[in-house]
Amino acid sequence: MKQTKLKISHATIWISSIFLGLLSSVPQIAQQHFNAMEAIVNAAITGAFAVLMWYFNIYLLRRLPQQKSISYTKLLSSLVFGMIVMFGLAWIQQLILSHINFGPVMLMVEVRGILINLVFYMFLHLLQQNYENQHVNMELERIKNDNLGAQYELLKQQVNPHFLFNSLNTLKAMVETGDEEAIDFIIKLSNFYRFTLESRKLDLIHVHDEMEILNAYLFLQKARFDAGFTFTNDLDERVQKTLIPPFTLQLLVENCIKHNVVSLQKPLHIRIYEEEEKIVVENQLQPKVGDNNSLGVGLKNIDLRYSHLLQKHIDIIKTDTIFQIKLPLIYEYSDNRR
């Protein structure tokens, strides 16, 4: 996340500095023997110091990395620089007003400079923190909106009317032919939509839970396509205990079936395995005719979720013969929890 830079208008800097200069001359104006020259020089010295310290503190807070707590290194640097500047300005004051006693005046000027510098530094630090908090809140709100959009797209894909229509047609055919697996089909269809309702609010679930969703989906597709595709699961127990955004594998397998020819004469082979700390969903390429205009909404949805959860992206690999999606493994002991 980029650091938000301080934004102080030049008018604010100069007006406040002039005001401080005039304010510092009030005690001299109130004296019985008022000396206009001393008041003017004192106001000019204080105003000049205020302007210099405004810009120096802004530069200091912008240039060095920002911290949530007060940086004593920055504060000390600001105070030392301010004392040097004020000493120089006091020396100039002594050259202009040679009749005054340099020692007591020098002490008074330095104390005043330290107080002004402390006020400026604390004000700018609080202002910087406010900018940072606003920036973080805006970023969180943006991520929240992106997540809501992603969840909405995911839900639309999960409750796909075409999938439900095809499933009901398959069920109708099974019932009409007296297929003994019709009851199992109804149970699997019910389980699939129950998984949809239970998992859609979670950011992550275990891979073995995701496989239950996928197996229910595959049972429904097997009833429709019979031996038109094969599925091989080579994920070991270690990978099954890792985490994954819900319905990721189901959506990827659905994409395989949706965009490729699935038939008894040319079965589609789908395989899931682990390679180099990534879950790989692989199928051979046998694209349907006229399927070149796919927008890849499902893949964009999955990539968006991985980007939000891990700040990583999925790998999409396409050759002349195979299509692969590689998903980074998410371990339960990481910061990405449900």
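Structure shown above.
Just so it is clear, the structure is predicted and the values come from calculations on it, not from any experiment.

**Student:** Now, about the packing of aromatic side chains: what can you tell me, with residues and values included?
**Tutor:** Per the stated rule, a full pass over the model turns up 4 aromatic pairs. A ring pair is formed by Trp54 and Phe123, whose centres lie 6.0 Å apart and whose planes are at 85°; its orientation type is edge-to-face. Placement of the pair is Trp54 in helix H3 (residues 36-63) and Phe123 in helix H5 (residues 102-158), with a sequence separation of 69 residues. According to the relative accessible area criterion, Phe123 is partly exposed, its value standing at 43%. When the ring of Phe56 is compared with that of Phe81, the centres are 3.9 Å apart and the planes differ by 15°; the resulting orientation is stacked. With a gap of 25 residues between them, Phe56 in helix H3 and Phe81 in helix H4 (residues 72-96) connect regions that are remote in the sequence. We classify Phe56 as buried; its relative accessible area is 17%. Seen from the ring of Phe219, Lys188 lies directly overhead, with NZ or CZ sitting 5.8 Å from the centre. Here the basic side chain of Lys222 rests over the ring of Phe229, its NZ or CZ set 4.7 Å away from the ring centre.

**Student:** Account for the pattern of salt bridges, naming residues and giving values.
**Tutor:** Under the definition given, this model contains 7 salt bridges. A salt bridge links Lys172 to Glu176; its shortest N-O distance comes to 2.7 Å. With a gap of 4 residues between them, Lys172 and Glu176 both fall in helix H6 (residues 161-176), about one helical turn apart. Of the charged contacts in the structure, one is a salt bridge between Glu274 and Arg238, with a shortest N-O distance of 3.5 Å. Separated by 36 residues along the polypeptide, Glu274 in strand S4 (residues 268-274) and Arg238 in helix H9 (residues 237-240) bring together distant segments of the chain. Glu274 gets classed as partly exposed once you look at its relative accessible area, which sits at 25%. Through salt bridges that share partners, Arg238, Glu274 and Glu277 make up one connected network.

**Student:** Break down the sheet that holds strand S5 (residues 278-284) for me, with residues and values.
**Tutor:** Hydrogen bonds between backbone atoms are what pair the strands of a sheet, whose relative direction is either parallel or antiparallel. Across the sheet, 5 strands lie side by side as S2-S4-S5-S7-S6; this open sheet has mixed pairing. Only two strands of the sheet have a single partner each, and these edge strands are strand S2 (229-233) and strand S6 (315-318). When the angles between neighbouring strand axes are averaged without regard to direction, this sheet yields 10°. Where S6 meets strand S7 (residues 322-328), 4 bridges bridge the pair, whose relative direction is antiparallel. Across the sheet, residue Lys318 finds its bridge partner in S7, namely Phe323. Running at roughly 165° to S2, helix H8 (residues 207-225) makes contact with S2, S4 and S5 of the sheet. Packed on one face of the sheet, helix H10 (residues 248-259) meets S2, S4, S5 and S7 and runs near 155° to S4.

The rules we used
Residues numbered from 1 in each chain as written. Predicted model: local features only at pLDDT ≥ 70, side-chain atom pairs only at ≥ 80, totals over all residues. Heavy atoms only, no water. Phe/Tyr/Trp six-rings, centres within 6.5 Å; stacked < 30°, edge-to-face > 60°. Helix = DSSP H or I, 4+ residues; strand = E, 2+ residues; numbered from the N terminus. Buried < 20%, exposed > 50% of the residue type's maximum accessible area, 1.4 Å probe, protein only. Lys NZ or Arg CZ within 6 Å of the ring centre and 35° of its normal. Salt bridge = Lys/Arg side-chain N within 4 Å of Asp/Glu carboxyl O. Pairing = 2+ DSSP bridges. Axes fitted to C-alpha atoms, helices over the stretch in contact; angles between N-to-C directions. Contact = heavy atoms within 4.5 Å.

From the geometry alone we can't say anything about function, so treat these as descriptive.
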